[in-house]
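# Chains, contacts and geometry: an overview
In case you want the letters, here they are:
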Amino acid sequence: MEKVLEQIIDGIVKFDQDSIQERVKEALAAGINPQKILNEGMIVAMGKVGKLFEEGEYFLPEMLVAAMTMQKGLEVIQPLLMKSGVKSAGKIVLGTVKGDLHDVGKNLVGMMLKGAGFDVIDVGVDVTPEKFVEVLQDNKDAKILALSALLTTTMPNMKTTIDAVKRAGLRSKLKVMVGGAPLNETYAKEIGADGYAPDASRAVGVAKTLVG
Ligand code: B1M
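The following refers to the structure shown. (Residues numbered from 1 in each chain as written. Predicted model: local features only at pLDDT ≥ 70, side-chain atom pairs only at ≥ 80, totals over all residues. Heavy atoms only, no water.)

## Regarding the coordination of the cobalt atom of the ligand
Operational definition: Each metal's donors comprise the N, O and S atoms found within 2.8 Å of it (within 3.2 Å for Na, K or Ca). Water is not part of the atom list, so some coordination spheres may appear incomplete. Runs of H or I in DSSP of at least four residues are treated as helices and runs of E of at least two as strands, each being numbered from the N terminus.
If you check the protein contacts of the cobalt atom of the ligand, you find one donor only, H102 (NE2), at 2.2 Å. Looking at where H102 falls in the secondary structure, it is placed in the loop between β1 (90-97) and α5 (104-115).

Rendered as structure tokens:
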């Protein structure tokens, strides 16, 4: 692996917020494409952080600062990942479900969708089903509801949200797509979602298919 990618991984795992942007710029200057910096650098680093957490080496504050370091690095490649969208491909309401505070993946998904020309309304994290319904009622032209969850304990809140959207009479006009590390296609089908994407770049393809 390229040395600079190793430095990016190391920088995130060791929370080097001061030099992460410099390292990412170096990687770009070395001709490494932004998608590779993301997938083989930053996301690998977050995997390592998760493992250190499981092993009891890292605690919540460490996970948080690692996420902040990654976000700083992302700022550098964000404009390159977001290919200029020409016209709106449709409106998407996006959020992380109730009880869940993880937003790095959701932000990446939002960034890629915007780059593909979608008009993204990001409702944030820990979003209750009621809040999603309220935002959808204010945005009746939304074509997709996009839900993210990173915890096995919050995955069921995706179904609760879909059920609330149904009860509010909004489901028939909407497609629902879901994603997040603990999910898979089978689970997505079980809870009545129309689409599932394992990562941010594939989320764009799924969204395009869903809007037809
Ligand atoms: Co948390 N955390 N965390 N954490 N955290 C995980 C998810 C965990 C796997 C760590 C571990 O134990 N190995 C574990 C979950 C275990 C499980 O349920 N299976 C865990 C835990 C347990 C917890 C707490 C419960 C810890 C505690 O309190 N004891 C707690 C819960 C808080 C809460 O949410 N209520 C907690 C807290 C936190 C922090 C707040 C400290 C921080 C989040 C900060 C933030 O997001 N601003 C944090 C972090 C940083 C992590 C890890 C280390 C990294 C997450 C991340 O940013 N990944 C994570 C371990 C890991 O993921 N390896 C972990 C990088 C990101 C780019 O990937 O988010 O997977 P990801 O997104 C991907 C795909 O999943 C997909 O595309 C993205 C980009 O390709 N995707 C979608 C995501 N959403 C999508 C939506 C789509 C489509 C694709 O369509 C709509």
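## Brief notes about the layout of surface pockets
The cut-off we apply is this: In this analysis a 1.4 Å probe is tested at points of a 1 Å grid over the protein atoms alone, and where it fits but cannot get out there is a cavity; an open set with protein on both sides within 12 Å along at least five of seven lines is a pocket; lining residues have an atom within 4 Å of a point. Grid points are joined across faces, edges and corners, and a volume is the space filled by probe spheres set on the points. Nonpolar residues are Ala, Val, Leu, Ile, Met, Phe, Trp, Tyr, Cys and Pro. Charged residues are Asp, Glu, Lys and Arg, and all others, Gly as well, are polar. Throughout the structure description, domain borders are defined by an automatic or database domain assignment.
When its volume is computed, the largest pocket comes out at roughly 1,300 Å³. M46, H102, V104, G105 and L150 are, among the 45 residues lining the largest pocket, the residues nearest its centre. At the level of secondary structure, the elements contributing two or more residues to the lining of the largest pocket comprise α3 (34-54), α4 (60-81), α5, β3 (142-148), β4 (175-179) and α9 (200-211). The element that contributes the greatest number of residues to the lining of the largest pocket is α3, accounting for 11 residues. Along the lines of polarity and charge, the residues of the lining of the largest pocket split into 27 nonpolar, 12 polar and six charged. Structurally, the lining of the largest pocket is a two-domain feature, drawing no fewer than three residues from each of domain 1 (3-83) and domain 2 (91-211).

## Section: empty space enclosed by the protein
In the structure shown here, the tally under the stated rule is one cavity of 30 Å³ or more. Its boundaries defined by the atoms lining it, the largest cavity holds a volume of some 80 Å³. In terms of lining, the largest cavity is formed by L136, N139, K140, A142, L170, K173 and L174. Taken together, the residues of the lining of the largest cavity break down into four nonpolar, one polar and two charged.

## Quick word on the pattern of salt bridges
Two side chains bearing opposite charge may form a pair once their charged atoms approach each other closely. The condition is simple: Salt bridge, as applied in this entry: a Lys or Arg side-chain nitrogen positioned within 4 Å of an Asp or Glu carboxyl oxygen. Note on classification: 1.4 Å probe, protein chains only; a residue is buried when its accessible area is under 20% of the maximum for its type, exposed when over 50%, partly exposed between these limits.
Under the defined criterion, the tally for this structure stands at 11 salt bridges. Where R23 meets E26, a salt bridge forms, and the shortest distance between an N and an O atom there is 2.9 Å. A residue pair is termed a helical-turn pair when its members lie 3 or 4 positions apart in one helix, as R23 and E26 do in helix α2 (residues 20-29) at three residues. Accessibility expressed as a relative area gives 23% for R23, which makes it partly exposed.

## Concerning the packing of aromatic side chains
Test applied: The criterion for an aromatic pair is that two Phe, Tyr or Trp rings (for Trp, the six-membered ring) have centres within 6.5 Å, with stacked assigned to planes under 30 degrees apart, edge-to-face to planes over 60 apart and tilted to the rest.
The tally for this structure, following the rule as stated, stands at one aromatic pair. Their ring planes at 40° and their centres at 5.4 Å tell us that F15 and Y58 sit as a pair that is tilted. On the criterion of sequence distance, the pair formed by F15 in the loop between α1 (3-13) and α2 and Y58 in the loop between α3 and α4 is long-range, its members being 43 residues apart. You can call F15 partly exposed: its relative accessible area is 27%.

## Side note on the side chain of N139
Rules: By definition, residues are in contact when any of their heavy atoms lie within 4.5 Å.
With respect to the element layout, N139 can be found in the loop between α6 (129-138) and β3. A relative accessible area of 12% means that N139 is categorised as buried. Among all residues touching N139, those that are not within four sequence positions of it are K91 and I121.

## Looking at the site of the ligand
This is how it is decided: Residues are counted as near a molecule or strand when any one of their heavy atoms sits within 4 Å of it. Two N or O atoms count as a polar contact when they lie within 3.5 Å, although within protein this holds only if one can serve as hydrogen donor and the other as acceptor, and sequence-adjacent residues are included solely when both atoms are side-chain atoms. Occupancy of a cavity or pocket is assigned to a molecule whenever over half of its atoms lie within 2 Å of that pocket's grid points.
Near the ligand you find 35 residues, and of these E54, L101, H102, D103 and S148 are the closest. Separating a nitrogen atom of the ligand from a side-chain N or O atom of E54 is a distance of 2.6 Å. A200 is positioned with one of its backbone polar atoms (N or O) 3.2 Å from an oxygen atom of the ligand. In this structure, the ligand is accommodated by the largest pocket. Elements with a contribution of two residues or more to the shell around the ligand: α3, α4, α5, β3 and β4. Per-class residue counts for the shell around the ligand are 22 nonpolar, nine polar and four charged. Residue-level mapping places the shell around the ligand at the junction of two domains, with at least three residues from each of domain 1 (3-83) and domain 2 (91-211).

The analysis is restricted to geometry; functional conclusions fall outside its scope.
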